Amino acid sequence: MKILVTGATGYIGKRIVPFLIHEGHQVVCAVRDKLRAEKSYLEEERIDVIEVDFLKPETLHNIPKDIDVAYYLIHSMSNTSRDFKSLEERCAINFKAALEFTKVKQVIYLSGITNEDKLSKHLQSRKNVEDILESAKYALTIFKAGIIVGSGSSSFEIIRDLVEKLPFMIAPKWLNTKTQPLAVRDVIAFLTRAAGNEAVYNNTYDVFGPEVLTYKQMLLQFAEVRDLNRYILTVPVMTPKLSSYWLYFVTSTSYKLATSLVDSMGVQIIGKSSNINTLLGVKPLTYKEAVELAFEKIEQNSIISSWKDSMISSGRLRNQLHKYVNVPKYGCFHDYKERPVTNTKKTIDKIWAIGGKTGWYYGTFLWRIRGYIDKLFGGIGLRRGRTSLTELDAGDALDFWRVIFADKKQQKLLLYAEMRLPGEAWLEFKIEDNLLKQTATFRPRGLWGRLYWYSVLPFHGFIFKGMINKLVNVES
C-alpha cells in the first residue's frame, strides 16, 4: 500500500517508518522541515519525503492523491499556550480536509486513554481531535494508549533520571496514580498491523500492558531492573507547580513538558478491555520486560528515536531549522580558530561524538557549570545529552545545542544554542583544505547581549582553543 505518515520525525513516527518499509509498503513521510528527515529516507526508493505544515493550508497540496492509509501522529505535549487547543483543532481540521480529497481508505490515529470524567488539558485535546477526524470519506481507526515505555521515550527517561539519581525520594502524591504502561514495540505492532485491516475500520481501542501499576511501583520496578535499592515517601503538600519544578530540576525534561506531565499524571489511566490483542495477534509485554528491552537498545547504541530530539524539547527552533542554516556575518561577534588536520577520519569521528557522555574535550567542567546556570534560569541545561554516542543528524538534541546541519561527506557540523542567552549563538566545525575551521558566532540582542559576550570572552579564549587542539590531536 501507499501510506502517509505524519509526524514522521517524532518519537513514534521515526519508529514506524522502518516497519512499514519492511512490510513492503511505499511510505510518504510528511515533515515540516526536510532538513529534519532521516538521511536514509532520501536513499530509500520506497520513501518519499514531502514538506507539509498542517497549520499552513497552502502546503497541503504536497500530499499525494493516491494514498491508501494515513497515520495521524501529530501531538505536542509541551505546548502550554492558551491557544493550544485551537492549534490542535486546526491541525486536525486541515489534515481531514486534505485527506478527503485523496483516495485514502483508512486513517489511523494514536490518541490517549480517556476513560476518566476529569481529564488533563492534553488528554481532553486528543479526545477532541478524535471527533474531528471522523469522516464519511474514509474509515477511522483509533488506538488510545497510556504511558509508553521504550528507549528514548519521555516517561522512560524521566523515570530513569529519578531512579538513578535519587536513592531516597520525597515525592508528590500523584505517584500513587494508577496507569497501565505499554511497551513502545507493542504500540508499533498495533499501529502497523492495523493498516488496511478492515476488521478495525471505524473502531476505537484502548491498548495497554498487562499490569495496573502506580507511578511509584513503576519507579521501584525500574530500580529492581537496575539492581538499585530505592526508597520513596509520598507527601500531599506538593502542589502541581512544586511538582513541576521537582521534575524539572531532577530530570532532563523542560519545565513546560514537566508541567504537562504533572497535569496528566494526576489522572488515572486505565484502559477498557476489547478483543484487539487477539484480533491483531499482539501479546503486550510486562513493564519490567519493556524496561529490560529498552536497556538492550541503549547498550547497543541503537536508540531509533528520542523525545529529546523532538522539537517539543526545543526552546527556540519550533521546526524551523532551515531558518538557522545560514549563519549571520554582520552585527555578530566571532571566535574563529583553525588547525591543520593530520587524520581527517579520526577528527570527523571526534566531532561527531562531541557532547553527552563524551564531553567537550576541554574544559568540560566549565560547560557543566554553564549548564547548571542555564537550568537555574529556566533553560534546558546539559542534562538532555544526546541520543546516539557516535551519530548526529539535523534536528538532534546535543546538550544545550540543537544540530542544524550534519554531513560527514561535506565534513561540516553546525550547532545552534538553545540555552538561555541575550542573543543567538552558533558553533560550526568544518574541514576545508586539510584545515579544521571552528567558528563560534554570537548575534547579541541589545546592550545585555554585548555585555554577555565580553564577560565570557576570557573563558572562550582557552575553552575553544583547547577544544580544537583536542579535535585535531587524534591520538588523545
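You'll find the structure just up there.
Residues numbered from 1 in each chain as written. Predicted model: local features only at pLDDT ≥ 70, side-chain atom pairs only at ≥ 80, totals over all residues. Heavy atoms only, no water.

Draft legend 1. Representation of the state of the cysteines in the model. Counted under the stated rule, the structure contains 0 disulfides. Here Cys29 stays free of any disulfide, with the sulfur of Cys91 as its closest cysteine sulfur at 17 Å. For Cys29, a relative accessible area of 0% puts it in the buried group. (Disulfide = S-S within 2.5 Å. Buried < 20%, exposed > 50% of the residue type's maximum accessible area, 1.4 Å probe, protein only.)

Draft legend 2. Expanded view of helix α13 (residues 364–376). With 13 residues, α13 ought to run about 18 Å at 1.5 Å a step, and its terminal C-alpha atoms sit 18 Å apart, in line with that. For α13, every residue scored as buried is listed here: Thr364, Leu366, Trp367, Arg370, Gly371, Asp374 and Lys375. (Helix = DSSP H or I, 4+ residues; strand = E, 2+ residues; numbered from the N terminus. Expected span 1.5 Å × (residues − 1).)

Draft legend 3. The arrangement of the nonpolar core in detail. Val5, Ile12, Ile16, Val17, Tyr71, Phe143 and Leu191 are the most contacted members of the largest nonpolar core, which has 39 residues in total. Top element by residues in this core is helix α6 (residues 184–194). It accounts for 7 residues. Residues in contact with Leu191, not counting those within four places in the same chain, are Ile12, Ile16, Tyr71, Ile108, Leu110 and Phe143. (Core = buried A, V, L, I, M, F, W, Y, C linked by side-chain atoms within 4.5 Å. Contact = heavy atoms within 4.5 Å.)

Draft legend 4. Inspection of the packing of aromatic side chains at higher detail. Applying the stated criterion across every chain, the model contains 18 aromatic pairs. Ring plane angle 65° and centroid distance 5.6 Å describe the contact between Phe54 and Phe95, whose orientation is recorded as edge-to-face. Of this pair, Phe54 sits in the loop between β3 (47–51) and β4 (69–72) while Phe95 sits in helix α3 (residues 84–99); the two residues are 41 residues apart in sequence, bridging distant segments of the chain. The pair formed by Phe54 and Phe95 is uniform in burial state, with each residue classed as buried. Through pairs of rings, three or more aromatic residues link up here, namely Phe333, Phe442, Tyr452, Trp453 and Tyr454. Its guanidinium or amino end placed over the ring of Phe405, Lys412 lies 5.3 Å from that ring's centre, counting from NZ or CZ. (Phe/Tyr/Trp six-rings, centres within 6.5 Å; stacked < 30°, edge-to-face > 60°. Lys NZ or Arg CZ within 6 Å of the ring centre and 35° of its normal.)

Draft legend 5. Region of interest: the sheet that holds strand β19 (residues 435–444). Strand order in the open sheet formed by 6 strands is β14-β19-β18-β17-β16-β15, with antiparallel pairing between adjacent strands. Across the chains shown, the open sheet's two edge strands, defined by having one partner strand only, are β14 (333–340) and β15 (397–398). With 8 bridges connecting them, β14 and β19 associate as antiparallel partners. Among the inter-strand pairings, Arg339 is bridged to a residue of β19, identified as Leu436. Those strands touched by helix α12 (residues 344–352) are β16 (401–407), β17 (412–417), β18 (423–432) and β19, and its axis lies near 160° from that of β18. Contacting β14, β18 and β19, helix α14 (residues 446–472) crosses the sheet at an angle of about 5° to β14. (Pairing = 2+ DSSP bridges. Axes fitted to C-alpha atoms, helices over the stretch in contact; angles between N-to-C directions.)

Draft legend 6. Molecular detail of the sheet that holds strand β2 (residues 26–31). The strand order β3-β2-β1-β4-β5-β6-β11 describes an open sheet built from 7 strands, whose pairing is parallel. Taken across any chain shown, the strands that pair with only one partner, and hence form the sheet edges, are β3 and β11 (203–207). Across the sheet, the axes of successive neighbouring strands diverge by a mean angle of 20°, strand direction being ignored. As defined by bridge partners, strand β6 (residues 139–145) adjoins β11 across 5 bridges and the pair is classed as parallel. Bridge pairing links Thr141 to Asn203 in β11. Lying on the sheet, helix α1 (residues 11–22) is in contact with β1 (2–6), β2, β3, β4 and β5 (106–112); it crosses β1 at an angle near 170°.

Draft legend 7. Just the pairing of β4, in detail. Side chains Val69 and Tyr71 project from β4 onto one buried face, and the interleaved Ala70 and Tyr72 project onto a second face that is buried too. The pairing of β1 with β4 spans 3 bridges and is classified as parallel. Looking at β4, one finds that Val5 is bridged to Tyr71.

Draft legend 8. Local environment of the pattern of salt bridges. Under the criterion given, the structure shown has 18 salt bridges. For Glu157, the salt bridge goes to Arg160, with nearest N and O atoms at 3.9 Å. Of the two residues, Glu157 and Arg160 both sit in helix α5 (residues 154–165), 3 residues apart, roughly one turn of that helix. Residue classification places Arg160 among the buried residues on the basis of a relative accessible area of 17%. In this structure, Asp349 engages Lys345 in a salt bridge whose closest nitrogen and oxygen atoms are separated by 2.9 Å. A residue pair is termed a helical-turn pair when its members lie 3 or 4 positions apart in one helix, as Asp349 and Lys345 do in helix α12 at 4 residues. Residue classification places Lys345 among the exposed positions, given a relative accessible area of 59%. (Salt bridge = Lys/Arg side-chain N within 4 Å of Asp/Glu carboxyl O.)

Draft legend 9. The packing of α3 against helix α4 (residues 121–133), seen in detail. Two elements in contact, α3 and α4, have axes whose closest approach is 9 Å; the angle formed by their N-to-C orientations is 25°. Taken together, the axes of α3 and α4 lie roughly parallel to each other. Judged by the twist between their axes, the crossing of α3 over α4 is right-handed. For the pair α3 and α4, the contacting residues are Phe84, Lys85, Glu88, Glu89, Ala92, Ile93, Phe95 and Lys96 in the first and Lys121, His122, Ser125, Asn128, Val129, Ile132 and Leu133 in the second. When its residues are assigned to classes, the contact of α3 with α4 shows 7 nonpolar, 3 polar and 5 charged. (Parallel < 35°, antiparallel > 145°, perpendicular 65-115°, else oblique. Left-handed = near helix turned anticlockwise from the far one by under 90°. Nonpolar A, V, L, I, M, F, W, Y, C, P; charged D, E, K, R; others polar.)

Draft legend 10. Main features of unusual backbone geometry. Phi angles above zero are rare outside glycine, and Asp227 is one such case at about 60°. Turning to its location among the elements, Asp227 is positioned in the loop between α7 (215–225) and β13 (231–235).

Draft legend 11. Highlighting the side chain of Asn128. Relative to the assigned elements, Asn128 resides in helix α4. At 2.8 Å, the side chain of Asn128 forms a polar contact with the side chain of Glu89. Beyond its immediate chain neighbours, meaning those up to four positions away, Asn128 contacts Lys85 and Glu89. (Polar contact = N/O pair within 3.5 Å; in protein donor to acceptor, adjacent residues only side chain to side chain.)

Draft legend 12. Summary view of a nonpolar patch on the surface. Together, Tyr245, Phe249, Phe365, Ile369, Tyr372, Ile373, Leu376 and Phe377 make up a nonpolar patch on the protein surface, roughly 880 Å² of accessible area in all. Taken together, the elements giving at least two residues each to the nonpolar patch come down to α8 (240–250) and α13. The leading source of residues in the nonpolar patch is α13, at 5 residues. Mapping Phe249 onto the fold places it in helix α8. On the accessibility criterion, Phe249 (37% relative accessible area) is partly exposed. (Patch = residues over 30% accessible without salt bridge, like charges linked within 9 Å, V, L, I, M, F, W, Y side chains within 5 Å. Areas by Shrake-Rupley, 256 points an atom, 1.4 Å probe, with all protein chains shown as cover.)

Keep in mind that these numbers describe shape and distance, not what the molecule does.
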